[in-house]
Amino acid sequence: MLESLISILSYPFIQRALIVGLLVSAAAALLGVSLVLKRFAMIGDGLSHVGFGSLAIATALNATPLAVALPVVMLAAIALLRLSSASKIKGDAAIALISTGALAIGVTVVSATSGMNIDVTNYLFGSILAVSQSDVILSIVLAVVVLTLFVLFYNRIFAITFDENFARATGSRTGWLNTLIALLTALIIVLGMRLMGALLISSLIIFPALTAMRVLKTFRSVTICSICIAIICFISGIVVSYLLSLPTGSTIVLCNIAAFAIFWLVRLLLNQQSFKRSR
Amino acid sequence: MNRHSNNINTALIKLHNVAFSYAGRHAACDLNFSVYDGDYLAIVGGNGSGKSTLIKGLAGLLAPSTGEIEICNSLRRKDIGYLPQQSAAQADFPASVMEVVLSGCLNNGGFRPFYSSLDKHKANNWLLQLGISHLSKKSFRELSGGQQQRVLLARALCSASKLILMDEPIAGLDPHAQAEFYHLCATLPLTIVMVSHDLTSALSQATHILHLDTHQLFFGTVLEYQASGIGDGFMGCTHPHGHDASEHKNKPKYQSKGEVESISKNITKSITKCSQSKIMIEDISKSGISKNGEHNA
């Protein structure tokens with residue numbers, strides 16, 4: 001058991017996947033706390049579909065995937081944020097519109113050019129082999145940026161997440177912070193997409209925050225706990241997928257589901273105890 | 001605080017012919033009034049009369065569709081405290097009471113990533129004054145509606161250094177807490193603008209009344225308001241005829257000019273305010289009014 005675990009680490013592609021995955025899932029969990037609480041969780045899901053569409057187009061044009069996907073997804077992030085805050089079109093409907101539209105474009109472009117092949121499956125469901133050396137550098141930079149911004153603006157992020165109107169009325173400029181969060185989300189999705197797959201990447205944003213919120217009651221504890229959950233679930237997902245030869249992305253999501261179930265049970269037990277005590 | 005300040009200084013907030021609209025329909029229009037340093041303005045009116053819309057406009061959350069809101073240079077956004085109506089989104093938010101109250105201190109200084117010990121002291125002080133210091137470590141979502149309201153009030157007080165805007169501050173408070181709240185308001189060294197359903201308390205406490213019914217029915221001092229009789233219909237479910245919108249339509253909307261003038265002679269301290277009322281009577285859009293609100297007649 002231990003030997004096989006050590007042997008995991010000797011493969012360079014696993015080393016790369018570990019570094020990128022750990023940093024991306026920690027950063028995603030941090031942003032996820034704010035996104036889930038602001039009811040923007042679906043933005044992540046919408047963006048990942050846009051990411052798939054742009055990757056498909058990049059492949060068809062023989063361009064570097066990241067060079068196309070990054071600006072397109074960032075633009076989509078700003079557009080989605082605007083749509084969600086405009087009251088005329090309902091945010092969730094707008095996101096569904098964009099995400100299914102982008103998926104349809106991607107599938108059409110892929111079928112018309114290279115046909116449904118192994119590359120497409122990798123885009124959709126992720127591949128541990130797809131992580132390159134440049135992804136490692138990019139994800140280190142991204143993780144440092146997200147962590148620094150989160151520490152520096154922690155109180156501001158709390159304020160706009162809890163009550164954006166109050167923050168605006170009392171002199172906080174909330175627009176740029178919202179845009180920043182959306183752009184960082186876009187970056188994380190594009191980076192994590194090749195490892196986790198377009199269909200699964202948003203789980204890294206949504207699961208840890210929701211899991212932590214089952215049991216914990218303050219913003220600070222939820223934030224810290226969701227990073228820990230993200231890291232633990234990622235490592236156990238990689239290990240299990242290696243030992244049982246399962247796809248990496250889906251195994252990590254399964255670990256997140258397990259963590260959610262455990263926290264949910266703990267909540268139930270705590271509720272029962274406090275109910276007994278109150279009787 | 002002495003609420004009868006002499007009002008010779010410039011207005012903190014001045015509205016010129018302001019209207020707010022949603023989807024092309026006016027929610028509140030023909031708004032012409034000023035709030036001076038030390039004023040305690042109660043905004044009254046029935047449901048859907050545009051009170052909350054106006055307070056959102058004053059808080060800078062809604063842009064007026066026409067007209068202009070002039071804000072005095074010395075009044076910056078960070079000097080303002082805001083108590084909004086509670087939103088459903090906060091109902092399951094994981095946050096401790098202390099985290100919520102401290103977020104009111106966010107803009108007190110320049111840019112700092114963390115709260116200072118002064119901020120924490122301020123937050124603790126308001127929690128103590130509002131009688132909820134024992135809740136400071138509790139989770140906001142586990143509190144009762146009245147407790148949550150007091151937490152949001154503490155947050156508003158932490159951010160207010162000059163002006164506090166409150167939308168239905170006593171909603172959810174029990175009678176004892178309401179009495180304490182009004183006692184606190186009387187001692188606050190702040191200019192107060194408050195939306196209220198509680199006309200009796202508004203009349204006994206406020207210095208000025210703004211009565212809305214999607215447009216401005218009345219603005220002036222409490223004494224003028226009582227003399228005008230506009231509030232009589234509103235006071236009352238107990239009114240013999242009940243409250244009926246048509247009642248207002250049949251009545252003249254404003255007092256005659258002479259009547260208001262005779263009142264104004266008696267209230268020398270609020271001369272400025274009366275000239276504001278006169279402006280209103282003459283229908284500001286038609287008469288020639290200079291920019292600074294002086295009456296040219």
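## Considering the pairing of strand β2 (residues 25-35) of chain B
Residue and element names in this part refer to chain B.
And step 1. In terms of residue burial, β2 counts as a mostly covered element, since 8 of its 11 residues are buried.
And step 2. As paired elements, strand β1 (residues 13-22) and β2 share 7 bridges and run antiparallel to each other. Across the sheet, the residue bridging to Val18 is Leu31, located in β2.
And step 3. Counting the residues that bridge the hairpin from β1 to β2 gives 2 residues, and of these Ala23 lies at a positive phi of roughly 50°.

## Here we look at the packing of aromatic side chains
And step 1. In this structure the tally under the stated criterion is 15 aromatic pairs over all chains.
And step 2. Relative to Phe93 of chain B, the ring of Phe219 of chain A lies with its centre 6.0 Å away and its plane at 15°, an arrangement referred to as stacked. Separated into two different chains, Phe219 of chain A in helix α12 (residues 219-244) and Phe93 of chain B in the loop between β5 (80-83) and α2 (97-102) make up a pair that spans both.
And step 3. Since its relative accessible area comes to 0%, Phe219 of chain A is described here as buried.
And step 4. One aromatic cluster is present, formed by Phe150, Tyr154, Phe158, Phe162 and Phe219 of chain A together with Phe93 and Phe140 of chain B through successive ring pairs.
And step 5. Note that Arg155 of chain B overlies the ring of Phe166 of chain A, its terminal NZ or CZ placed 3.7 Å from the centroid.

## Things to note about empty space enclosed by the protein
Residue and element names in this part refer to chain A.
And step 1. For the structure shown, the criterion picks out 5 cavities of 30 Å³ or more.
And step 2. Roughly 50 Å³ of internal volume is contained in the second largest cavity.
And step 3. Residue lining of the second largest cavity: 10 residues in total, with Thr59, Val110, Ser114, Val120 and Tyr123 positioned closest to the centre.
And step 4. Secondary-structure elements contributing two or more residues to the lining of the second largest cavity are α3 (41-60) and α6 (118-125).

## Concerning the sheet that holds strand β7 (residues 191-195) of chain B
All names here are of chain B.
And step 1. Within the open sheet, the 6 strands sit side by side as β5-β6-β7-β3-β8-β9. Their pairing is mixed. The open sheet has two edge strands with one neighbour each: β5 and β9 (216-221). In this sheet, adjacent strand axes meet at a mean angle of 10° when their direction is disregarded.
And step 2. On top of the sheet, helix α1 (residues 51-58) reaches β3 (40-44), β5, β6 (163-167), β7 and β8 (208-212); it is set at about 150° to β6, its chief contact.
And step 3. Here helix α5 (residues 175-187) sits on the sheet and contacts β3, β6 and β7; the angle it forms with β7, its principal contact strand, is near 145°.

## A closer look at the confidence of the model for chain B
Residue and element names in this part refer to chain B.
And step 1. Averaged over all residues, the pLDDT of chain B is 77; the fraction at 70 or higher stands at 74%.
And step 2. Here residues 236-297 is a poorly scored stretch, pLDDT under 50, and it has 80 contacts once near neighbours within four places are set aside; other chains count.
And step 3. What the predictor reports for the complex is a pTM of 0.81 with an ipTM of 0.85.

## A word on the packing of α3 of chain A against helix α10 (residues 175-196) of chain A
Helix packing geometry: the angle between the two helix axes and the distance between the axes.
Residue and element names in this part refer to chain A.
And step 1. Orientation of α3 relative to α10, taken along the N-to-C sense of each, is 55°, at an axis distance of 9 Å. Here α3 is positioned oblique relative to α10, judged by the angle of their axes. Here α3 and α10 pass one another in a crossing that is right-handed. Touching Gly44, Leu47, Ser48, Gly51, Phe52 and Leu55 of α3 are Thr185, Ala186, Ile189, Met193 and Arg194, all from α10.
And step 2. Along the lines of polarity and charge, the residues of the contact of α3 with α10 split into 6 nonpolar, 4 polar and 1 charged.

So, how was this worked out
- Residues numbered from 1 in each chain as written.
- Chains lettered and ligands numbered in written order.
- Predicted model: local features only at pLDDT ≥ 70, side-chain atom pairs only at ≥ 80, totals over all residues.
- Heavy atoms only, no water.
- Buried < 20%, exposed > 50% of the residue type's maximum accessible area, 1.4 Å probe, protein only.
- Helix = DSSP H or I, 4+ residues; strand = E, 2+ residues; numbered from the N terminus.
- Pairing = 2+ DSSP bridges.
- Phe/Tyr/Trp six-rings, centres within 6.5 Å; stacked < 30°, edge-to-face > 60°.
- Lys NZ or Arg CZ within 6 Å of the ring centre and 35° of its normal.
- 1 Å grid on protein atoms, 1.4 Å probe; cavity = no way out; pocket = protein on both sides within 12 Å on 5 of 7 lines; lining within 4 Å.
- Points joined across faces, edges and corners; volume = space filled by probe spheres on them.
- Axes fitted to C-alpha atoms, helices over the stretch in contact; angles between N-to-C directions.
- Contact = heavy atoms within 4.5 Å.
- pLDDT = per-residue confidence, 0-100.
- Parallel < 35°, antiparallel > 145°, perpendicular 65-115°, else oblique.
- Left-handed = near helix turned anticlockwise from the far one by under 90°.
- Nonpolar A, V, L, I, M, F, W, Y, C, P; charged D, E, K, R; others polar.

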